[in-house]
Amino acid sequence: MKILSWKSIAMLLILTVLLVGCGISSAQKGMGDDEVIELRVGTGVPTTHIINQAYFTPWLEAVEKETNGKVQFETHYGGSLVAMGREYDALESGIVDIVLPMFQMYDPVRFPLSEVSMLPVMESDVYIATKAYEELVLGDYVFENGKTFYEMEHGSKGLKQWTSPTTEGYKFSYADISEPQTISEFANVTFRSSGRMSEIFSKNIGINAISIPAGDIYDSLSRGSIDGLYFSIPDWPSYGIGGLFNYTIDGVNLGHFSHTYGMTQETWDSLPKEVQQIMDEQARKLLHDPDTYEIYEERTEDSLRTMEAAGGMIAMIDEQPQEIQEAVDRAIVDTWKDWIEMNEEKGFPGKETALLWRDLIIKHGGSVPTEIEEMK
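Residues numbered from 1 in each chain as written. Predicted model: local features only at pLDDT ≥ 70, side-chain atom pairs only at ≥ 80, totals over all residues. Heavy atoms only, no water.

Enquirer: So what's going on with the sheet that holds strand β3 (residues 98–102)? Residues and values would help.
Expert: Strand order in the open sheet formed by 5 strands is β2-β1-β3-β10-β4, with mixed pairing between adjacent strands. On the outer flanks of this sheet lie β2 (71–76) and β4 (159–163), each paired with one strand and no other. Going across the sheet, the axis of each strand differs from the next one's by a mean of 25°, ignoring polarity. Sheet contacts for helix α4 (residues 126–138): β4 and β10 (260–264); angle to β4, the most-contacted strand, approximately 155°. Relative to β4, helix α11 (residues 273–287) is tilted by about 30°, and along the sheet it contacts β1 (37–42), β2, β4 and β10. (Pairing = 2+ DSSP bridges. Helix = DSSP H or I, 4+ residues; strand = E, 2+ residues; numbered from the N terminus. Axes fitted to C-alpha atoms, helices over the stretch in contact; angles between N-to-C directions. Contact = heavy atoms within 4.5 Å.)

Below, the structure is given as structure tokens:
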């Protein structure tokens with residue numbers, strides 16, 4: 001038997017350490033003062049998407065700047081690494097270190113309560129909804145089960161998350177119909193659904209809803225596969241669809257698409273405290289900075305100009321025939337009730353979550369139907 005010398009043993013130990021080190025991500029290594037922390041970022045939306053331009057890109061740039069380059073991000077856009085709705089799997093598998101954003105709406109089995117922001121209301125906007133969603137997710141309200149919203153939806157899954165701006169309120173937008181005169185004309189259409197809440201609302205008002213990925217909206221509208229969709233007006237330019245609508249109904253809010261962003265708790269715990277502090281500070285700063293929301297107003301104006309130039313028009317809900325107004329009002333209330341019942345039957349605090357969301361929307365300046373406002 002050949003006996004190894006102490007030098008050979010030492011060399012083997014060094015190689016073992018190096019090989020083990022190669023299998024550890026940069027986020028998990030102990031960081032020296034001059035060592036760069038490289039974090040891989042994945043997102044399902046393109047660089048031109050409003051949420052990237054308004055919030056996520058500024059956050060990435062601010063973190064790199066405030067850490068003096070100690071943190072560097074390797075970004076992958078447009079679903080090249082992470083498909084919409086698969087963010088949790090990407091984090092768990094280690095494909096990426098950070099997701100921008102986490103599309104919980106497309107993963108309701110894991111995040112059943114996060115779609116509460118898509119409950120339709122009477123009045124709200126991106127400012128109101130963003131404040132309400134931040135307080136819902138990151139606030140200290142304790143549910144009857146003894147947990148906060150964050151603990152139920154994110155902490156229990158080993159996640160570290162922040163909230164980002166919601167969308168503006170969703171509206172009715174038709175590609176082919178102009179000024180429906182009856183509830184039959186209004187509802188006898190096929191709309192693209194953005195999730196379970198849209199499907200519940202559609203069923204309640206009689207619209208046929210089908211699920212189509214956001215990236216396929218333009219082709220579906222152009223080919224006539226769908227007659228329209230529920231969507232936020234400032235989001236039209238992200239998909240180039242502003243010139244495809246004949247008629248949009250405003251004055252009613254069909255919900256705010258919301259999302260969070262972040263990493264696993266394990267990755268978060270591996271970061272130096274000073275980096276954690278900077279990430280937290282920039283997340284809050286940008287969320288509350290009025291400059292973050294200028295693009296929403298600019299894109300709304302651009303979208304409406306594009307629609308009008310193509311011959312489309314916008315009208316208010318109170319300009320619609322009375323039977324349409326009444327049908328919309330009933331569908332809004334029924335959607336709240338159905339969503340609550342669906343979650344309660346599965347053992348989730350649906351009613352408590354919905355009523356908390358209602359109270360936060362009202363607190364920050366919005367309004368809901370009287371029947372929902374008086375619900376106990």
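Enquirer: Help me get a handle on the packing of helix α7 (residues 196–205) against helix α13 (residues 322–345), residues and values and all.
Expert: Their axes nearest at 8 Å, the elements α7 and α13 cross at an angle of 130°. When the axes of α7 and α13 are compared, the pair comes out oblique. As α7 runs across α13, the sense of the crossing is right-handed. Counted together, Arg196, Met197, Ile200, Phe201, Asn204 and Ile205 of α7 and Ala327, Val328, Ala331, Ile332, Asp334, Thr335, Asp338, Trp339 and Met342 of α13 form the full contact between these two elements. Among the residues making up the contact of α7 with α13, the classes are represented as 10 nonpolar, 2 polar and 3 charged. (Parallel < 35°, antiparallel > 145°, perpendicular 65-115°, else oblique. Left-handed = near helix turned anticlockwise from the far one by under 90°. Nonpolar A, V, L, I, M, F, W, Y, C, P; charged D, E, K, R; others polar.)

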